[in-house]
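# Survey of secondary and tertiary structure
Each chain, letter by letter, is given below.
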Amino acid sequence: MTTSFGELDTESLRDRVAGQLARSRARSTALTDAVDENDLVKQHSKLMSPLVWDFAHIGNQEELWLVRDVGGREPVRDDIDNMYDAFQHPRSDRPALPLLSPAETRSYVQQVRTKVMDVLASTPLEGRKLVENAFAFGMIVQHEQQHNETMLATHQLRDGEPVLHAPMPPAPPGPVLDKEILVPAGPFTMGTSVEPWALDNERPAHRIEVGAFVIDKYPVTNAGYLEFIASGGYDRPQWWSEEGWAYNRKTGLRAPRFWVRDGDRWLRDCFGVVEPLVLDEPVVHVCFYEAEAYAAWAGKRLPTEIEWEKAARHDPATGRSRRYPWGDEDPGPEHANLGQAHLRPARIGAYPRGESPLGVAQLIGDVWEWTSSDFHAYPGFVAFPYQEYSEVFFGADYKMLRGGSFGADAAACRGTFRNWDYPIRRQIFSGFRLARDPGPEETR
Ligand SMILES: [Fe+2]
């Protein structure tokens, strides 16, 4: 399989890394410059870190991996590693730490980046697994971009005047036919062994037999979700799993997070702007339990992670799996709503050029999609470069989300990319699409 950068010469690879590092840093800077000092150090929700913690943590991870490990250089600061170790301090405790001030943080991340650019220019990108194809740089690029999405979620939780602005996503270019797509039974290749910056949990590529299934062309929209609410969906235990119902009762769920009741209608708070719902936009900010209940109410189910990836990557004409639904080329603005270019999901039908060979649309970007699967290792999994990246999270505590959101960067949501979170999470940019088993007459 070819990839778009697996065969780059070293100089082109260095240029690519530099461009990606600059792109993620521009976003970290924009997300932190958008608010004042008080907003940077404040905890906007118990679920989140102060923005200034995220920013210094981004710099600290970059220092640990690229300055010290890859570069073998002297530390920029060796006194703050513990404070910015996510495993040492849960998010709720982070505001109480003696954190670097916003000014110290900006200076620190800049000092680290200056050293990293020197390491990038002088380190051979071969001979050691950590640096082959600039993997460690790619890992740090993706780490910063993942924190950029978390920081965007912090902005969504922040009170006060809106500070983030972006143009609307493209509108659907033509009539939109929402429909189901039958995916016949057969094998497909899941995961990857060749994608240079794929993380350990996406590896290795493996053939897998998948039974026939039916999947929706588009994610569930606000219009569909309103029907679920109007039919009393939140009050009917029959649609909810036992854990989901317990969580519903305990927390008094009534609607997706950030929906606001206004008389007899629902509005939505979108980064501080309260606005009418856009009916054909994918629903966002629902937890796994809500997605699962909606699916039961609709007489369907969530897709498994395997079904999701087959719908996204499998090309029946060739039998091979693509990097992305549209092919092997990196995402462009014509393919998917990514990278915080638009601060909301795009209406269904907006990205016909992003469809998969099976005709499934808007799989990448817009909203992360809950699947029914727990987080498990692929056969042949090897932890790399450290167990804390994925392995410590394996098990039934987490549910898998696939595809990336409008807040995620292209570099961190290829077709094989796996995200995981607790089934109660709603502050993330999460939605879902439906699947079902085909009837006997459909597969004849
Ligand atoms: Fe992190």
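Residues numbered from 1 in each chain as written. Predicted model: local features only at pLDDT ≥ 70, side-chain atom pairs only at ≥ 80, totals over all residues.

Naming follows an unreviewed UniProt entry, where the protein appears as Hercynine oxygenase of Kibdelosporangium banguiense. Recorded in UniProt under Cofactor (unreviewed entry), the annotation for the protein is "Fe(2+)". Under the Function (unreviewed entry) heading, UniProt states for the protein: "Catalyzes the oxidative sulfurization of hercynine (N-alpha,N-alpha,N-alpha-trimethyl-L-histidine) into hercynyl-gamma-L-glutamyl-L-cysteine sulfoxide, a step in the biosynthesis pathway of ergothioneine." (UniProt positions renumbered as here; feature names shortened; annotations may be inferred.)

Across the junction of Arg203 and Pro204, the peptide omega takes the value -15°, indicating a cis bond. Mapped onto the elements, Pro204 comes out in the loop between strand S2 (186-190) and strand S3 (206-210). With an omega dihedral of -5°, the bond running from Phe384 to Pro385 counts as a cis peptide bond. You can see Pro385 is positioned in the loop between strand S8 (368-375) and strand S9 (395-402). For Ala134, which is not glycine, the phi torsion reads 60° and is therefore positive. (Helix = DSSP H or I, 4+ residues; strand = E, 2+ residues; numbered from the N terminus.)

This part covers the nonpolar core. One recurring pattern in soluble globular proteins: nonpolar side chains tend to sit buried together. Ranked by internal contacts, the top residues of the largest apolar core, which has 91 residues, are Ala56, Leu66, Phe137 and Ala291. The greatest single-element share of this core, amounting to 10 residues, is contributed by helix H3 (residues 51-70). Summarising the domain contributions, this core has at least three residues from each of domain 1 (5-157) and domain 2 (167-444). (Core = buried A, V, L, I, M, F, W, Y, C linked by C-beta atoms within 7 Å. Buried ≥ 20, exposed ≤ 12 C-beta atoms within 10 Å, placed from the backbone. Domains from an automatic or database assignment.)

A separate point is the pairing of strand S6 (residues 265-270). Inspection of the sheet shows strand S5 (residues 259-262) paired to S6 by four bridges, in the antiparallel sense. Residue pairing in the sheet places Arg261 in a bridge with Trp266 of S6. Hairpin connection of S5 to S6: two residues between the antiparallel strands, including Gly263 at a positive phi of 65°. Pairing geometry for S6 and strand S7 (residues 273-276), over four bridges, is antiparallel. Across the sheet, the residue bridging to Cys270 is Val273, located in S7. Two successive antiparallel strands, S6 and S7, enclose a turn made up of two residues, where Phe271 displays a positive phi of approximately 55°. (Pairing = 2+ DSSP bridges.)

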